[in-house]
Structure formats: C-alpha cells, structure tokens
Amino acid sequence: MLYAIGITVMLGFLAVLLSWWLHLLFIGILICFILITLLAPFVDVPGMVKAEKLTYHSVFLLAEAPKDGVLNLHGGTLFDYVYVLDFKQSGNVRTAFILQQYLEGLLHLIEHYEGEGQPLTLRWTSYIVNQSTADRLGFKPQPKDGLQQMILAFNYGNLLVSNSLAKGKLSFPKLSATQTYEASLDDLMARKAYIMQLVKRVQ
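I will try to describe carefully the structure that is included in this document. Bear in mind the structure is a predicted one, so any value in this text is a computation, not a measurement. (Residues numbered from 1 in each chain as written. Predicted model: local features only at pLDDT ≥ 70, side-chain atom pairs only at ≥ 80, totals over all residues. Heavy atoms only, no water.)

## Things to note about the sheet that holds strand E1 (residues 54-58)
Adjacent strands of a sheet form backbone hydrogen bonds with each other and so pair up, either parallel or antiparallel.
Thinking step 1. Ordered in space as E1-E2-E3-E4-E6-E5, the 6 strands form an open sheet in which the pairing is mixed. Either end of the sheet is taken by a strand with one partner, and the two such strands are E1 and strand E5 (140-142). Sheet twist, expressed as the mean angle between neighbouring strand axes with direction ignored, is 35°. (Pairing = 2+ DSSP bridges. Helix = DSSP H or I, 4+ residues; strand = E, 2+ residues; numbered from the N terminus. Axes fitted to C-alpha atoms, helices over the stretch in contact; angles between N-to-C directions.)

## Some points on the side chain of Ser162
Thinking step 1. Within the element layout of this structure, Ser162 appears in helix H7 (residues 156-167).
Thinking step 2. Exposure remark for Ser162: the relative accessible area of 4% places this residue in the buried category.
Thinking step 3. When neighbours within four sequence positions are excluded, Ser162 is seen to be in contact with Thr77, Leu78 and Tyr81. (Buried < 20%, exposed > 50% of the residue type's maximum accessible area, 1.4 Å probe, protein only. Contact = heavy atoms within 4.5 Å.)

## Things to note about the pairing of strand E4 (residues 121-126)
Thinking step 1. Sheet analysis places strand E3 (residues 70-75) next to E4, joined by 4 bridges and oriented parallel. Bridged to Val70 within E4 is Thr121.

## Brief notes about unusual backbone geometry
Thinking step 1. Within the chain, Glu52 stands out as a residue other than glycine whose phi angle is a positive 65°.
Thinking step 2. Note on placement: Glu52 falls in the loop between helix H2 (25-50) and E1.
Thinking step 3. Under the relative-accessibility criterion, Glu52 is labelled exposed at 64%.
Thinking step 4. Positioned with a positive phi, Asp68 is a non-glycine residue whose angle comes to about 55°.
Thinking step 5. Structurally, Asp68 is set in the loop between strand E2 (61-64) and E3.
Thinking step 6. On the basis of relative accessible area, Asp68 is assigned to the exposed category, the value being 76%.

Encoded structure:
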C-alpha cells in the first residue's frame, strides 16, 4: 500500500514538474487528478470496510450500510480488480468470473438479510448490468441517478483501467449505458433459486 502511494506521489510530482517546464501546467494538474482517482480505492475501500460503511458480499459486490430502508450496491473497485483477478486468464474468463461474483454476492446478501424481516430496497447504478439482466434478477429501471452518474464520470480513469483489466485489452466504459435499478429484498428473495441456477451455469 505504501509502495503504491509512494509511486503515485512520485509520478504526480514528475508530471507537474514536466508540465511546468513545458508551460503546460493544466496538463500536469490533470495527470495528478487522474493519479489520485486511481489511488483512491486503495485507501478508501479498506478504510470504509473497517468503519463498517461498506460490506463485501462477494469479492466484486459491495453494499453500503442500509439508510432509511435503502441499501446501495456497488461493483468491485480497482482495488478488487488488481488484487483478485488472475491475469493469466483470458479476458472472457475474467469477465465471466466477475459476473459469477455479482450473482454470488446477491445470494450472500439475500442470506444475510432474509431472516431480519425488515423491508429493504436495493439500489444499483451500473454501466455493466443491462436492463434485461437486471429484470431477470428482479431489478426495475428507475430515473437515472444524477449524483451516481456524476461520481462515475468523476472516476472515469479508474473505470477505464478496471474495465481494461477485466477484458484484457483497452476497453472504454460506456457511461451512456449507465442505469439505476431498484428491487425490494422480497423480489430478490423470490428469485433466489433462479440466481443459484445462474451461478451454477457460469461456474
């Protein structure tokens, strides 16, 4: 972790120095900004998990602590892509593994909350999950969440690296495909057997 921070700080300093020398300070600032967004998951995610603000339901599905009956879901971050993916595998195998982890995460989430009996709405903003897949899992499209879209756009460099690592080639995320979905815990529980079948299918 300290090694990654040190490398990032050094690269940022060199970028600013070079851009100042070339009289292109804006470029240096932009490079520093991108480097910070790339480093952020390696600092933020462990800290938020330790503070119990984030919970891993699988290695690629995280959830915020429920607030006002709403639980926000998130896909894995660059932190997870770097430490979990096997880069000896093909991009197709890695992508299938990520999908499997999404499904296993949903199963774990169901098992975690199904005995509590409290109404819960799951909200998921994603540029990866398409509408037909979401519908089969019990999620319905909602008006686009402007804040979540802004956060995704802010972290575009991070998403670009993560997407490229997953597919094994340079792959630009299509933020225009970003959609917010919602499902009740009851709806998800009703599809538990189906999700278990999907997990077996992609293993």
